[in-house]
Amino acid sequence: MSTKLTYCQIESAVHEAYESCKSMKGGQNAHYIPYLANVDSDLFGISLCLPDGHVVSVGDTDYVLGIESVSKVHTAILVLRQLGARALLEKIGADATGLPFNSIFAILLENERPSTPLVNAGAITACSLVQPSGDEEAKWQAILGNMTELMGSTPRVIDELYASESETNFNNRSIAWLLKEYDRIYDDPMEALDLYTRQCSLGVTAEQLAISGATIATDGKNPVTGTQVFDASLAPKIISLMTAVGFYQRTGDWIYETGLPAKTGVGGAVMGVMPGLFGVCAFAPPLDEAGNSVKAQAALHSIMSTLGINVFSNTKYEIAGC
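Residues numbered from 1 in each chain as written. Predicted model: local features only at pLDDT ≥ 70, side-chain atom pairs only at ≥ 80, totals over all residues. Heavy atoms only, no water.

**Student:** So what exactly am I meant to see when it comes to the overall build of the chain here?
**Tutor:** Counting its secondary structure elements, the chain contains 14 helices and 10 strands. Its C-alpha atoms give the chain a radius of gyration of 18 Å, within 12% of the compact-globule value 20 Å for 322 residues. The principal-axis extents of the C-alpha atoms in the chain amount to approximately 55 × 40 × 35 Å. Pairs at least 24 residues apart make up 70% of the contacts formed inside the chain by residues separated by at least 6 positions. Taken as a whole, the chain presents about 12,300 Å² of accessible surface, with 49% of it coming from carbon and sulfur. Treating the 20 positive side-chain charges of the chain as one cloud and the 35 negative ones as another, the clouds have centres 5 Å apart. (Helix = DSSP H or I, 4+ residues; strand = E, 2+ residues; numbered from the N terminus. Rg over C-alpha atoms; globule rule 2.2 N^0.38 Å. Contact = heavy atoms within 4.5 Å. Areas by Shrake-Rupley, 256 points an atom, 1.4 Å probe, with all protein chains shown as cover. Lys, Arg positive; Asp, Glu negative; His and termini not counted. Charge placed at Lys NZ, Arg CZ, Asp CG, Glu CD.)

In structure tokens, the structure reads:
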């Protein structure tokens, strides 16, 4: 079965989601990170990028937000590019923990590997795996260069956020040393933690995240720059990780209700990937108890519902002009 979606339908769905969700209340900013606690809680934007590079944006999509845990997707892609899918599976894993993103208990339960690169433990391990080994600055340039290719433009570290994160990352320090105890970190643990903290402190826009989502959706080819960023065979791997653990302990409910593989960050962004169709990002700072943006979730749910699409559907979708 094949269904056509027009540009007009997609643009209308994005604007409808914005209008229906912009007055929503509920949730609170990530109060445990001082910088994020002070971000304007009324900020809200949606950006969607299509396979031809056409971008639909509404609201505060040019605001530079803290990427936070959405960055885990990008660095997981870098590890896949550098070491391959088998190495990521063996050294980190691809299982959902079913526990909060910063869980130490999850490490104790599965001490043979960190479970997934999309929770804090696995993301710190992923940073330790980035090549070249033993050279933190060269690793950072690899992380930044990979993100630049995925987004089509270069993100910049928000210095105040980086300082705020570094001063309050006590739980992540415990995670890094526990990973070292179990031989599940593959370079200097404090350097790996610093790389992870820096990547989470990058400033990006919703539009940049939508473009990086679209790069995944189009089998690794950036639709804006035309660059083949990673091999097409890796796209199903990263999409499967997002499907399994993108919303941490709320992932099952999310994917059941929306059918949209997505990854959240405590900065308020949610980046979604609909294979072959689009990458999308909704952004609003107030979070639910699991650390996921309340308004962004509602907006993406609205878009998927309005368009009647689902990653698990047997329907084949095509995009046509208005």
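**Student:** Would you explain the layout of surface pockets in this entry?
**Tutor:** One way to see where empty space is left: roll a probe the size of a water molecule over the atoms. Of the voids in this model, the second largest pocket is the one considered here, and its volume is about 170 Å³. Every residue lining the second largest pocket is listed: Met274, Pro275, Gly276, Leu277, Asn310, Val311, Ser313, Asn314, Thr315, Lys316 and Tyr317. (1 Å grid on protein atoms, 1.4 Å probe; cavity = no way out; pocket = protein on both sides within 12 Å on 5 of 7 lines; lining within 4 Å. Points joined across faces, edges and corners; volume = space filled by probe spheres on them.)

**Student:** I would appreciate a short explanation of the sheet that holds strand E6 (residues 202–204) in the present structure.
**Tutor:** To summarise the sheet geometry, strands pair through backbone hydrogen bonds and adopt either a parallel or an antiparallel arrangement. In spatial order, the strands read E4-E6-E5; together these three strands make up an open sheet with antiparallel pairing. Only two strands of the sheet have a single neighbouring strand rather than two, namely strand E4 (65–66) and strand E5 (156–157). (Pairing = 2+ DSSP bridges.)

**Student:** Explain the sheet that holds strand E7 (residues 262–264) to me, please; I cannot follow it from the model alone.
**Tutor:** Pairing in this open sheet of five strands is antiparallel, and the strands run E3-E2-E9-E8-E7 from one edge to the other. Of all strands in the sheet, those with a lone pairing partner are strand E3 (55–59) and E7, marking the two edges. Going from strand to strand, the sheet's axes swing by 10 degrees on average, the running direction of each strand aside. As judged from the six bridges shared by strand E8 (residues 269–274) and strand E9 (residues 278–283), these two strands associate in the antiparallel manner. In the strand pairing of E9, Gly272 is matched with Val280. (Axes fitted to C-alpha atoms, helices over the stretch in contact; angles between N-to-C directions.)

**Student:** Would you mind showing me how to read the side chain of Ser47 here?
**Tutor:** Mapped onto the elements, Ser47 comes out in strand E2 (residues 45–49). Accessibility expressed as a relative area gives 0% for Ser47, which makes it buried. Side chain to side chain, Ser47 and Ser57 meet in a polar contact 2.8 Å long. When near neighbours in sequence (up to four residues on either side) are disregarded, Ser47 contacts Val55, Val56, Ser57, Thr61, Ala206, Glu207, Ala210, Gly279, Val280 and Cys281. (Buried < 20%, exposed > 50% of the residue type's maximum accessible area, 1.4 Å probe, protein only. Polar contact = N/O pair within 3.5 Å; in protein donor to acceptor, adjacent residues only side chain to side chain.)

**Student:** Please clarify how the state of the cysteines should be interpreted in this entry.
**Tutor:** Two cysteines whose sulfur atoms are joined by a covalent bond form what is called a disulfide. Applying the stated criterion to the full structure yields zero disulfides. Left without a disulfide partner, Cys200 is nearest to the cysteine sulfur of Cys127, which lies 7.8 Å away. Judged by its relative accessible area of 3%, Cys200 is buried. The thiol sulfur of Cys281 is not disulfide-bonded, and the nearest other cysteine sulfur, from Cys49, lies at 12 Å. (Disulfide = S-S within 2.5 Å.)

**Student:** What's the story with the pairing of E8 in this structure? I'm lost.
**Tutor:** Consecutive residues of a regular strand have side chains that alternate between opposite faces of the sheet. Burial of E8 is extensive: six of the six residues sit out of reach of the surface. Of the two faces of E8, the one carrying Ala269, Met271 and Val273 and the one carrying Val270, Gly272 and Met274 are both buried. Following E7, the chain reverses through four residues before pairing antiparallel with E8; Gly268 in that reversal takes a positive phi of roughly 110 degrees.

**Student:** Any chance you could explain the packing of helix H3 (residues 71–83) against helix H6 (residues 120–129) here in plain terms?
**Tutor:** Each pair of packed helices can be summarised by the angle the axes make with each other and by the distance between the axes. Following both chains from N to C, one finds H3 and H6 inclined at 40 degrees, their axes separated by 9 Å at the closest point. The orientation of H3 with respect to H6, classified from their angle, is oblique. At the point where H3 passes H6, the crossing takes the left-handed sense. Counted together, Lys72, Thr75, Val79, Gln82 and Leu83 of H3 and Asn120, Ala123, Ala126, Cys127 and Leu129 of H6 form the full contact between these two elements. When its residues are assigned to classes, the contact of H3 with H6 shows six nonpolar, three polar and one charged. (Parallel < 35°, antiparallel > 145°, perpendicular 65-115°, else oblique. Left-handed = near helix turned anticlockwise from the far one by under 90°. Nonpolar A, V, L, I, M, F, W, Y, C, P; charged D, E, K, R; others polar.)

**Student:** Looking at this model, I keep getting lost on the pattern of salt bridges. Mind explaining?
**Tutor:** Where side chains of opposite charge bring their charged atoms close, a pairing between them can arise. With the rule as written, the count across this model stands at eight salt bridges. Note that Lys22 is salt-bridged to Glu19, the shortest N-O span being 2.9 Å. You can call Lys22 partly exposed: its relative accessible area is 38%. Where salt bridges share partners, they join Glu136, Glu137, Asp194 and Arg198 into one cluster. (Salt bridge = Lys/Arg side-chain N within 4 Å of Asp/Glu carboxyl O.)

**Student:** Where do I start with the environment of Glu167 in this structure?
**Tutor:** With respect to the helices, strands and loops of the structure, Glu167 is situated in helix H8 (residues 159–168). Glu167 sits 134 residues away from Ile33 along the chain, and the two C-alpha atoms are 9.0 Å apart.

**Student:** For this particular structure, what's the right way to read the packing of aromatic side chains?
**Tutor:** Centre distance and the angle of the planes are the two values used to describe a pair of aromatic rings. In total, this model carries three aromatic pairs according to the counting rule given. Ring geometry for Tyr18 against Phe44: centres 5.0 Å apart, planes inclined by 10 degrees, an arrangement best described as stacked. A residue pair is termed long-range when its members are at least 10 positions apart, and Tyr18 in helix H1 (residues 7–21) and Phe44 in the loop between helix H2 (34–37) and E2 qualify at 26 residues. Each ring, one from Tyr63 and one from Phe283, has its centre 5.7 Å from the other, and the planes form 5 degrees; the classification is stacked. With Tyr63 in the loop between E3 and E4 and Phe283 in strand E9, the pair connects residues that are 220 residues apart, well separated along the chain. Above the plane of the ring of Tyr186 lies Lys91, whose end atom (NZ or CZ) is 4.8 Å from the centre. (Phe/Tyr/Trp six-rings, centres within 6.5 Å; stacked < 30°, edge-to-face > 60°. Lys NZ or Arg CZ within 6 Å of the ring centre and 35° of its normal.)

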